[in-house]
Amino acid sequence: MSAIIEQKVKLVDEITEKLTASQSTVVVDYRGLTVSELTELRKQLREAGVEFKVYKNSMVRRAAEAAELSGLVDSLT
């Protein structure tokens, strides 16, 4: 297996683990935010103990399918 595919498999596994362990998951479209707005959002989320990650939809889609979260798959475009 190539190194790139191995990295993607590990990433999907990581996302799957986070989805199954989380109490809730929020999917947002951050486009349109300025850098300063995004920085402030990250700061507020960090202070609230919330993890904010940006993943490719395709990786999250695979992880959601593995975690059997079909409702989340429908939210990814």
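Residues numbered from 1 in each chain as written. Predicted model: local features only at pLDDT ≥ 70, side-chain atom pairs only at ≥ 80, totals over all residues. Heavy atoms only, no water.

Caption draft 1: Spotlight on the environment of Leu72. Tracing the backbone shows Leu72 in helix 4 (residues 70-75). Residue class for Leu72 comes out buried when judged on its relative accessible area of 13%. If near-sequence neighbours (up to four positions away) are discounted, Leu72 is found in contact with Leu19, Val27, Val60 and Ala64. (Helix = DSSP H or I, 4+ residues; strand = E, 2+ residues; numbered from the N terminus. Buried < 20%, exposed > 50% of the residue type's maximum accessible area, 1.4 Å probe, protein only. Contact = heavy atoms within 4.5 Å.)

Caption draft 2: Fine view of the pattern of salt bridges. This structure, assessed with the given rule, holds three salt bridges. The residue Lys18 makes a salt bridge to Glu14 at a minimum N-O spacing of 3.6 Å. With Lys18 and Glu14 both in helix 1 (residues 3-21) and four residues apart, the pair spans about one turn of that helix. Taking the relative accessible area as the measure of exposure, Lys18 reaches 29% and is therefore partly exposed. (Salt bridge = Lys/Arg side-chain N within 4 Å of Asp/Glu carboxyl O.)

Caption draft 3: Local environment of the confidence of the model for the chain. In this model, the chain carries an average pLDDT of 92, and 99% of its residues clear a pLDDT of 70 or more. Across the chain, element-level confidence peaks in helix 1 with a mean pLDDT of 95 and bottoms out in helix 4 with 86. (pLDDT = per-residue confidence, 0-100.)

Caption draft 4: Representation of unusual backbone geometry within the structure. You will see that Glu68, though not glycine, has its phi angle at about 60°, which is positive. Given the relative accessible area of 71%, Glu68 is considered exposed.

Caption draft 5: Spotlight on helix 2 (residues 35-47). Between its first and last C-alpha atoms helix 2 spans 18 Å; for 13 residues at 1.5 Å apiece the expected length is 18 Å, and the two agree. Within two residues after helix 2, Gly49 carries a phi angle of roughly 80°, on the positive side. (Expected span 1.5 Å × (residues − 1).)

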